[in-house]
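Analysis of the macromolecular model
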Amino acid sequence: MRFWLIMGALITALGLSACGSSEPEKSTGTGAAQDAGLVLRRAHAHNDYEHEHPLFDALSHGFGSVEADVWILTGLGNELYVAHDFVDIRPDRTLRALYLAPLAQRVADNGGWVYPDQAVPVQLLIDIKTDAEATYAVIESQLDAYRDMLSCVVDGELKPGAVTVVLSGNRPYETMQAQDNRCAFHDGRSSDIDSEAPASLMPLISENWNTLFDWQGEGGMPEAERASLIDYVTRAHVASRRVRFWSTPDEAGAARDAVWSALLDAGVDHLNTDDLAGLETFLRAREAP
C-alpha cells in the first residue's frame with residue numbers, strides 16, 4: 001500500500017493527469033489517417049500500451065485495432081491496470097485512463113466515430129491476465145459507463161458501435177455465452193474455428209502463428225502451408241469470424257514483408273505488429289485500406 005501512496009504523491013507533485021487521456025500535441029504517423037477512407041482496418045497494434053503514447057500513436061498511424069493487457073489487484077478497488085507484467089503495473093496506467101476515456105472523447109469529438117469523417121469501428125482487444133471471472137466483472141462494470149460508443153449485444157441482438165471490445169487471454173466463455181446483454185466479445189482460438197458459437201459472441205479467431213505454420217518468410221511459402229492458411233481463413237470467414245495471428249515475424253526486412261503479403265493474400269483480417277510505422281508504410285504501399 002505504501003508503494004501506491006508514494007506513486008500517487010509523485011504523480012500529483014509532477015502535475016501528471018491521473019486519467020492520462022490527453023492526446024499528444026504532435027502526431028507520430030504520416031497524417032494520412034486524418035483523410036477520409038484511410039483507416040487501416042487490418043492493422044493491429046500488439047501490446048499497444050508499450051508505445052510512448054498508448055492508443056494515440058496507433059491512431060496517428062491509422063490503425064483499426066489496438067491491444068491492452070489488463071490486471072486486477074485484490075484490495076485495490078474496482079480498477080483495471082494496463083501492463084504486460086505484474087511488476088510494470090502503475091497506478092495511473094489504467095484501462096479507463098489509457099483507452100476508454102480517450103476513445104470516448106474521440107467519439108464525441110468526431111461525430112460518433114473514432115476517426116473524423118470515417119464510419120469505421122475500432123477494435124479494442126483486452127487481454128485478461130488475471131482471473132477470468134473476477135476480471136470480467138470489473139470490465140463489465142467499467143464498460144457500462146461507455147455503452148454509447150460500444151458495440152453491444154442487447155436482448156440477444158447485435159448493436160454495432162464505434163468501438164468493439166474483444167476479450168482475449170483468460171476469457172470467461174461460459175459466462176459470456178449465457179448473457180443476452182453484454183458489451184464485450186470473445187476471442188477464439190484455432191480449436192474454435194468451427195465452433196457453433198455465433199459471430200455475435202466470437203467474432204475473432206486469434207492464434208500463435210508458430211502453432212500452425214513453420215514458414216518464417218525465408219524463401220517461398222510452402223504450397224501445403226499456403227493451402228492450409230487459405231483453408232483456415234476461409235473456414236473462419238464462412239462463420240463470419242475475423243482472423244489474427246500473433247508471433248509472426250516482426251523484424252523489418254524481406255522476410256516480414258513476405259509473411260505479411262501472404263497473410264493479406266489469404267484474407268487474414270488483422271496483421272499483428274509492434275512496429276506501427278513499418279506496418280502503416282507496408283499497408284499503404286501494398287493496397288487500399
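Residues numbered from 1 in each chain as written. Predicted model: local features only at pLDDT ≥ 70, side-chain atom pairs only at ≥ 80, totals over all residues. Heavy atoms only, no water.

Describing the overall build of the protein chain
Scanning the protein chain from N- to C-terminus turns up 9 helices and 11 strands. Taking all 289 residues of the protein chain together, the buried fraction comes to 50%. Of the contacts made within the protein chain by residues no fewer than 6 positions apart, 63% connect residues no fewer than 24 positions apart. About 13000 Å² of surface is accessible on the protein chain, with carbon and sulfur atoms providing 51% of the total. (Helix = DSSP H or I, 4+ residues; strand = E, 2+ residues; numbered from the N terminus. Buried < 20%, exposed > 50% of the residue type's maximum accessible area, 1.4 Å probe, protein only. Contact = heavy atoms within 4.5 Å. Areas by Shrake-Rupley, 256 points an atom, 1.4 Å probe, with all protein chains shown as cover.)

Some details on the pattern of salt bridges
Two side chains with opposite charge may pair up if their charged atoms get near one another. On inspection of all chains with the given rule, the structure shows 14 salt bridges. Among the ionic pairs, arginine 256 bridges to aspartate 275, the shortest N-O distance being 3.0 Å. Residue arginine 256 is located in helix α8 (residues 254-266), and its partner aspartate 275 is located in the loop between β11 (271-273) and α9 (276-286); the two are separated by 19 residues in the primary sequence. Each of Glu67, Asp187, Arg189 and Arg244 takes part in a single network of salt bridges with overlapping partners. (Salt bridge = Lys/Arg side-chain N within 4 Å of Asp/Glu carboxyl O.)

Concerning the environment of serine 60
Within the fold, serine 60 resides in helix α2 (residues 56-60). Counting along the chain gives 55 residues from serine 60 to tyrosine 115, while the straight-line C-alpha distance between them is 9.8 Å. In this structure the side chain of serine 60 is engaged in a polar contact, spanning 2.7 Å, whose partner is the backbone oxygen of aspartate 57. (Polar contact = N/O pair within 3.5 Å; in protein donor to acceptor, adjacent residues only side chain to side chain.)

Structural notes on the packing of aromatic side chains
Aromatic ring pairs: the centre-centre distance and the angle between the two ring planes describe each pair. For the structure shown, the criterion picks out 6 aromatic pairs. Centre to centre, the rings of tryptophan 209 and phenylalanine 213 are 4.4 Å apart; their planes meet at 25 degrees, and the pair counts as stacked. Given the relative accessible area of 2%, phenylalanine 213 is considered buried. An aromatic cluster is present here, built from Trp209, Phe213, Tyr232 and Phe245 joined pairwise through their rings. Between the NZ or CZ atom of arginine 106 and the centre of the ring of tyrosine 115, over which it lies, the distance is 5.8 Å. (Phe/Tyr/Trp six-rings, centres within 6.5 Å; stacked < 30°, edge-to-face > 60°. Lys NZ or Arg CZ within 6 Å of the ring centre and 35° of its normal.)

Overview of the confidence of the model for the protein chain
Detailed reading of the predicted model is not advised wherever pLDDT is low. Considering every residue of the protein chain, the mean pLDDT works out to 89; 86% of them sit at 70 or more. Segment residues 1-22 is flagged for pLDDT under 50; beyond a separation of four residues in sequence, or across chains, it makes 24 contacts in the model. Within the model, the stretch residues 25-37 combines pLDDT values under 50 with 27 contacts to residues more than four positions away or in other chains. (pLDDT = per-residue confidence, 0-100.)

So, the state of the cysteines
Applying the stated rule across the entire model yields 1 disulfide. Paired by a disulfide, cysteine 152 and cysteine 183 hold their sulfur atoms 2.0 Å apart. Between cysteine 152 and cysteine 183, the S-S torsion sits near 100 degrees, and that sign places the bridge as right-handed. Residue cysteine 152 is found in strand β5 (residues 152-154), and its partner cysteine 183 is found in the loop between α5 (173-177) and β8 (185-188); the two are separated by 31 residues along the sequence. Classification of cysteine 152 by relative accessible area gives buried; the value is 4%. (Disulfide = S-S within 2.5 Å.)

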